[in-house]
Amino acid sequence: MKNKQIIVVGLGRFGNALAETLVENGCEVMAIDTNEERLDEIAPRITHTVCADATDAEALDALGVRNFDVAVVTDAGTPAISDPGTILVRQAAEAGTPVAAVPGPRAMAAAIAVSGIHVTEFTFLGFLPREKKDLQAALRSAAQRTQAGIVHESPYRVLDFMRVLADTLPQAYVSVSCDLSKLHELTLRGPVAEVLARMEANDKTEKGEYCIVIDFRAVPREEPKAESTLCLEARLLDLMLQGADMRDASRRLVEEGEKKNAVYAAALRLKGMLREEE
């Protein structure tokens, strides 16, 4: 074929059948996953499998796309959205290969549709950090800038995620969906603490993939801090006149959000000016 084309296909419960149909119609079908066991399980139905840890070059070489149309498929959600399929799409685009999307089920849209949460805007947050401190910071930041957030989470971390959410933003309302479009689809809705309790009582919680809609509207909004028109040197001097020494004054400015290096430089300049006055 003169024109090579990679077709990105979003799949739900009909993924295996679609993959087989594509193969029967002459398409090269590829799976990219972080789990080698899952790749081995689906290998008989598709042409190529690549571990997500593979380099960009390895992914392209494995495709053999030079003379074929290629379909990128997934058994959950849409390839290249919080998904290692991004490797293939980026490299194909850089190589001048046309990339087209075939509409299909999307966990994000499905989760919002069944959530019962009416918002005029939302932010797709994808997979958030695993470390508690980083996760809390990400949740607080999202709560201050959007009405609702959409999060993907694995069954092995979903309870930890919900516990951090309940501890950090107890006012949040959530809709937690598992295995959307599949046989055992389940959605739990309610205040975050109540949903967490129901999940902890369910011995099947650690099965299936999760998409979580978080309604942030009940979370108190922080008042925006007024930006000071004073330079850092003047603010340091003002704090020192109130009784703080240079070190404490510098620390307070950093706590207020100023960059540490900028405060340090301002403190040196102020020390120099004070010496000149003596």
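Residues numbered from 1 in each chain as written. Predicted model: local features only at pLDDT ≥ 70, side-chain atom pairs only at ≥ 80, totals over all residues. Heavy atoms only, no water.

**Brief notes about the overall build of the protein chain**
For step 1, the next point in the chain: Along the protein chain, the regular secondary structure elements total 11 helices and 10 strands.
For step 2, the next point in the chain: With 278 residues in all, the protein chain has 40% of them scored as buried.
For step 3, the next point in the chain: Taking all contacts inside the protein chain whose residues are at least 6 apart in sequence as the whole, residues at least 24 apart take part in 69%.
For step 4, the next point in the chain: Looking at the protein chain as shown, the accessible area adds up to about 16,400 Å², and 51% of this sits on carbon and sulfur atoms. (Helix = DSSP H or I, 4+ residues; strand = E, 2+ residues; numbered from the N terminus. Buried < 20%, exposed > 50% of the residue type's maximum accessible area, 1.4 Å probe, protein only. Contact = heavy atoms within 4.5 Å. Areas by Shrake-Rupley, 256 points an atom, 1.4 Å probe, with all protein chains shown as cover.)

**Focus: the sheet that holds strand S8 (residues 173-178)**
For step 1, the next point in the chain: Pairing within the open sheet is mixed, and its 5 strands lie in the order S6-S7-S10-S8-S9. Sheet topology places strand S6 (123-126) and strand S9 (186-191) at the edges, where each strand pairs with a single neighbour. Going from strand to strand, the sheet's axes swing by 15° on average, the running direction of each strand aside.
For step 2, the next point in the chain: Bridge count for strand S7 (residues 148-153) against strand S10 (residues 210-215) is 6 bridges, and the pairing is antiparallel. Across the sheet, residue His 152 finds its bridge partner in S10, namely Cys 211.
For step 3, the next point in the chain: Against the sheet, helix H5 (residues 107-115) engages S6, S7, S8, S9 and S10, with an angle of about 50° to S10. (Pairing = 2+ DSSP bridges. Axes fitted to C-alpha atoms, helices over the stretch in contact; angles between N-to-C directions.)

**Digging into empty space enclosed by the protein**
For step 1, the next point in the chain: Enumeration over the complete set of coordinates arrives at 1 cavity of 30 Å³ or more.
For step 2, the next point in the chain: Approximately 60 Å³ is the volume attributed to the largest cavity.
For step 3, the next point in the chain: As for the largest cavity, its lining consists of Val 176, Cys 178, Leu 186, Leu 188, Met 199, Asn 202, Thr 205 and Tyr 210.
For step 4, the next point in the chain: Those elements giving two or more residues to the lining of the largest cavity turn out to be S8 and S9. (1 Å grid on protein atoms, 1.4 Å probe; cavity = no way out; pocket = protein on both sides within 12 Å on 5 of 7 lines; lining within 4 Å. Points joined across faces, edges and corners; volume = space filled by probe spheres on them.)

**Overview of a nonpolar patch on the surface**
For step 1, the next point in the chain: On the surface, a nonpolar cluster with roughly 270 Å² of combined accessible area is contributed by Leu 237, Leu 241 and Leu 274.
For step 2, the next point in the chain: Tracing the chain through its elements places Leu 237 in helix H9 (residues 232-241). (Patch = residues over 30% accessible without salt bridge, like charges linked within 9 Å, V, L, I, M, F, W, Y side chains within 5 Å. Salt bridge = Lys/Arg side-chain N within 4 Å of Asp/Glu carboxyl O.)

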